[in-house]
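Here are the chains, one letter per residue:
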Amino acid sequence: ARSGMGSPESRWRSADGAVVICHDETVDRCYDGTGAINDMTWRELSALRHRDSGEPMPLLAQVLEAFPDMYLNIDVKEPGVEGPLLDVVAEHGAAGRVLVASFSEPRLRAVRDIAASDPTRAVATSLGTEAVVRLVGAAKSATNPAWWHVPGPRQGAIAAQVPMQQGPIRVVDERFVATAHTLGLAVHVWTIQTAAHLPRPPRVGGGRHHNCTLYTS
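Residues numbered from 1 in each chain as written. Predicted model: local features only at pLDDT ≥ 70, side-chain atom pairs only at ≥ 80, totals over all residues. Heavy atoms only, no water.

## Considering the side chain of Asp 24
So, point 1. Residue position: Asp 24 is located in the loop between strand S2 (19-21) and helix H1 (42-46).
So, point 2. Among the polar contacts made by the side chain of Asp 24, one reaches the side chain of His 23 at a distance of 2.8 Å. (Helix = DSSP H or I, 4+ residues; strand = E, 2+ residues; numbered from the N terminus. Polar contact = N/O pair within 3.5 Å; in protein donor to acceptor, adjacent residues only side chain to side chain.)

## With respect to the nonpolar core
So, point 1. Formed by 21 residues in total, the largest nonpolar core has its most connected members in Leu 60, Leu 64, Leu 85, Val 98 and Val 100.
So, point 2. Put simply, the parts of the chain that give this core at least two residues each are S2, helix H2 (60-66), strand S3 (72-76), helix H3 (82-91), strand S4 (98-101) and helix H4 (105-117).
So, point 3. Non-local contacts of Leu 60, meaning those with residues more than four positions away in its chain, are made with Arg 11, Val 19, Val 20, Ile 21, Ile 74, Leu 85, Val 88 and Val 89.
So, point 4. One finds Leu 127, Val 132, Leu 135 and Val 177 within the second-largest nonpolar core, a separate group that totals 20 residues. (Core = buried A, V, L, I, M, F, W, Y, C linked by side-chain atoms within 4.5 Å. Buried < 20%, exposed > 50% of the residue type's maximum accessible area, 1.4 Å probe, protein only. Contact = heavy atoms within 4.5 Å.)

## What about the side chain of Ser 14?
So, point 1. Position of Ser 14 relative to the elements: it lies in the loop between strand S1 (9-13) and S2.
So, point 2. Exposure remark for Ser 14: the relative accessible area of 4% places this residue in the buried category.
So, point 3. Separated by 2.5 Å, the side chains of Ser 14 and Asp 16 make a polar contact.
So, point 4. Not counting the four nearest positions on each side in its chain, Ser 14 is found in contact with Ile 37, Asn 38, Met 40, Thr 41, Trp 42 and Leu 45.

## Comments concerning unusual backbone geometry
So, point 1. The residue Ala 142 is not glycine, and still its phi comes out positive at about 55 degrees.
So, point 2. Note on placement: Ala 142 falls in the loop between helix H5 (129-141) and strand S6 (157-163).

## Focus: the pattern of salt bridges
A side chain with one charge can pair with a side chain of the opposite charge if their charged atoms come near.
So, point 1. Scanning all chains against the criterion turns up 5 salt bridges.
So, point 2. A salt bridge links Arg 121 to Asp 87; the shortest N-O distance between them is 3.0 Å. Placement of Arg 121 in the loop between H4 and strand S5 (124-126) and of Asp 87 in helix H3 is noted, with a sequence separation of 34 residues between them.
So, point 3. Residue Asp 87 is classed as partly exposed on the basis of its relative accessible area of 31%.
So, point 4. One salt bridge connects Glu 105 with Arg 112, and the closest N-O pair in it is separated by 2.7 Å.
So, point 5. Classification of Glu 105 by relative accessible area gives buried; the value is 2%.
So, point 6. We classify Arg 112 as buried; its relative accessible area is 10%. (Salt bridge = Lys/Arg side-chain N within 4 Å of Asp/Glu carboxyl O.)

## A few points about the environment of Ala 115
So, point 1. Note on placement: Ala 115 falls in helix H4.
So, point 2. Between the C-alpha atom of Ala 115 and that of Gln 155, which follows or precedes it by 40 residues, the distance is 9.5 Å.
So, point 3. Residues within four places of Ala 115 in sequence aside, it is in contact with Ala 122 and Val 123.

## Quick look at the pairing of strand S9 (residues 186-190)
The two faces of the sheet receive side chains in turn, since in a regular strand these alternate between them.
So, point 1. Most of S9 is tucked away: 4 of the 5 residues are buried.
So, point 2. Here 5 bridges tie S6 to S9, and the two strands are oriented parallel to one another. The partner of Gln 161 across the bridge, within S9, is His 188. (Pairing = 2+ DSSP bridges.)

## Considering the pairing of S6
So, point 1. Burial within S6 is extensive, with 6 of its 7 residues counted as buried.
So, point 2. Relative to S6, S5 is paired through 2 bridges, and the arrangement is parallel. Looking at the pairing, Ser 126 lines up with Ala 159 of S6.

Below, the structure written as structure tokens:
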């Protein structure tokens, strides 16, 4: 059985091209070293240890091998990592359990363009910020999201990953979910940290809804 969706994983590329997992751009906060990941080789990064757990920084390949039944949400943190990331996913036959996400719509378009030119490296993506804004606009105006050029499954996007609210704007409501469904998009709500913050399921059917959290308990 599948073990469910893993926590969002952030991907960076080392100076010598290794695709590693780390939330931050630098190692300073989490590891016993200093410097930007992009400026360090994999040999240098692998020698570091996490300040709390003592564990080394993992490669994406190591995570895919260690958790063969887990779905992973991969956050592409920098331009240029798209190709190497897709190479690792393809080498491990993991495309069916990986969703590539990013706030950057250009990075996601790069992932989709690679998939279009080489189907062996195809992987599903979520929407970037620009596309989410257009989807919200379509929902608020009750218009067809296709008119707003929101990508859907035909372009390789399968999910809108969004907060419940952004500033004064309510993002997730029944109209938003219904609008996403017209494109075949699932809705993933982040970040839900307590049961009290769980949104009520919208009273519309035919779609998938997930809540992203850092605390699986």
